[in-house]
Amino acid sequence: MMGITHAATGALIGLAIGGPLGAATGALGALLPDVDHPRSMAGRRAWLVGGALRLVVSHRGALHSGLVAGLLVLGALVADHPTLLAGSAGWVSHIALDMLNRAGVPLLWPSRRRFWVLPFRTGGIVDRLILLGVLVALVRLVVGI
Ligand SMILES: [Zn+2]
């Protein structure tokens, strides 16, 4: 999915969990799994971190795994903090959205087997429709209509 789709989805989930601050951490959490990709929204902004990560992990590797996502959610639950939970939920939303692409994600990393559920193209019509639906839901949640 496009970075904006990830960010908007994370913001929507984060807003529902933790209010405005949750929306911000949800969006951030939804962008961070792609920080190891030099052309991603996160990778372009945090290029030093992304470059360092690329030395040890591959794109759609560990950062797209069920292990990392699960540890983040577990940590947020143990901390019992809605902002952290929103961020980890944003991260999980990224993994779920990337499963709507044939490239898939390595849910069982370190196994390299990738899992995907639908073969939609990043930037394609479905990606844009998901973005539109998420933006409508965000506006409805914020404005209350
Ligand atoms: Zn991704």
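Anything mentioned here points back to the structure above.
What is the right way to look at the nonpolar core in this model?
Counting 21 residues, the largest nonpolar core has Ala8, Ala11, Trp91, Ile95 and Leu138 as the members making the most contacts within it. The dominant element in this core, judged by the number of residues it contributes, is helix 1 (residues 3-31), at eight residues. Residues within four places of Leu138 in sequence aside, it is in contact with Ala8, Ala11, Leu12 and Leu15.

Which parts of the structure should I look at to understand the side chain of His64?
If you trace the backbone, His64 turns up in the loop between helix 3 (47-54) and helix 4 (66-79). In terms of polar contacts, His64 uses its side chain to reach the side chain of Asp98, at 2.9 Å.

Sorry if this is basic, but what is going on with the coordination of the zinc ion here?
Note on metal geometry: ideal angles are 109.5 degrees for four donors arranged tetrahedrally and 90 or 180 degrees for six donors arranged octahedrally. Looking at the zinc ion, one finds its protein donor set to be Asp34 (OD), His64 (NE2), His94 (NE2) and Asp98 (OD), positioned 2.0 to 2.3 Å from the metal centre. Around the zinc ion sit four donor atoms; with metal-centred angles ranging over 88 to 171 degrees, the donor geometry is irregular. When the donor residues of the zinc ion are listed from N- to C-terminus, their spacing reads D-x29-H-x29-H-x3-D. Here His94 and its partner Asp98 are both found in helix 5 (residues 82-98), four residues apart, which amounts to about one turn of the helix.

When you look at the pattern of salt bridges in this model, what are you seeing that I'm missing?
A pair can form between side chains of opposite charge whenever their charged atoms are brought close. Under the counting rule described, the total for this entry stands at one salt bridge. For Arg60, the salt bridge goes to Asp98, with nearest N and O atoms at 3.3 Å. Placement of the pair is Arg60 in the loop between helix 3 and helix 4 and Asp98 in helix 5, with a sequence separation of 38 residues. You'll find Arg60 and Asp98 in the same group, each marked buried.

About the cut-offs
- Residues numbered from 1 in each chain as written.
- Predicted model: local features only at pLDDT ≥ 70, side-chain atom pairs only at ≥ 80, totals over all residues.
- Heavy atoms only, no water.
- Core = buried A, V, L, I, M, F, W, Y, C linked by side-chain atoms within 4.5 Å.
- Buried < 20%, exposed > 50% of the residue type's maximum accessible area, 1.4 Å probe, protein only.
- Helix = DSSP H or I, 4+ residues; strand = E, 2+ residues; numbered from the N terminus.
- Contact = heavy atoms within 4.5 Å.
- Polar contact = N/O pair within 3.5 Å; in protein donor to acceptor, adjacent residues only side chain to side chain.
- Donors = N, O, S within 2.8 Å, 3.2 Å for Na, K, Ca; no water.
- Tetrahedral: all angles 85-135°; square planar, octahedral: opposite > 155°, others 65-115°.
- Salt bridge = Lys/Arg side-chain N within 4 Å of Asp/Glu carboxyl O.

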